[in-house]
Every structure is written in structure tokens, then in C-alpha cells.
Amino acid sequence: MENNWKLYILRCRDGSLYTGITTDVQKRLTAHNCGKGAKYTRSRRPVELVYQETCKDHSEALRREIQVKALNREEKEKMIEAGL
């Protein structure tokens, strides 16, 4: 069975970064840009997808999200730049 869980990072209009997980990145990006995504992104639209990675399953995606959210901005920017 193919797994579709993804970790993604968005760059908001104000330059801040938002990290989340989903099974459909494009649908989630559309939701964020329509104001139906996370509360954080509603006042920071439009948002742009700057990073995504595939995770093995939902549990791994959640663990990875926690790891990435714990990084400082500089570390996240390096991750985005490297595409890791």
C-alpha cells in the first residue's frame, strides 16, 4: 500500500514559515490560500509551498513535524535551500 503522508513548509506573506502534514499537499495549499487552512495562515495569505518531503506513515509524519517545528528559522531555511 502506497503511503501519501507529506510534511510541508509554507512561506507566508509576512515571510514567516508554517509547517504541517497532509496526504494531499496541493489541496492543503489551496485550503490555506482560501482562508480555510490553519488559523495561523489565515491572516498571512497568500502562502507559498517551499518544501515537502514524503513520510512513511502518519506517525512518522507527526514525528517529523515535531522535529522540524523545533528547528530555528536559520535551520529551516537551510533545510529548504538544500531540499532535504
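Figured I'd write up the structure that's included with this text. (Residues numbered from 1 in each chain as written. Predicted model: local features only at pLDDT ≥ 70, side-chain atom pairs only at ≥ 80, totals over all residues. Heavy atoms only, no water.)

**With respect to the pairing of strand β2 (residues 17-22)**
Inference 1: Across the 6 residues that make up β2, a large majority, 6, are buried.
Inference 2: Across the two faces of β2 the burial is the same, with L17, T19 and I21 and Y18, G20 and T22 all buried. (Buried < 20%, exposed > 50% of the residue type's maximum accessible area, 1.4 Å probe, protein only. Helix = DSSP H or I, 4+ residues; strand = E, 2+ residues; numbered from the N terminus.)

**A look at the nonpolar core**
Inference 1: With 10 residues, the main nonpolar core is built from L7, I9, L17, I21, Y51, C55, A61, V68, M79 and I80.
Inference 2: The set of elements that each furnish at least two residues to this core consists of β1 (6-11), β2, α3 (58-69) and α4 (73-82).
Inference 3: Dropping the residues within four chain positions of it, C55 is found in contact with N3, W5, L7, E60, A61 and R64.
Inference 4: Judged by nonpolar contacts, the second largest core, of 7 residues, contains Y8, C12, L29 and A38. (Core = buried A, V, L, I, M, F, W, Y, C linked by side-chain atoms within 4.5 Å. Contact = heavy atoms within 4.5 Å.)

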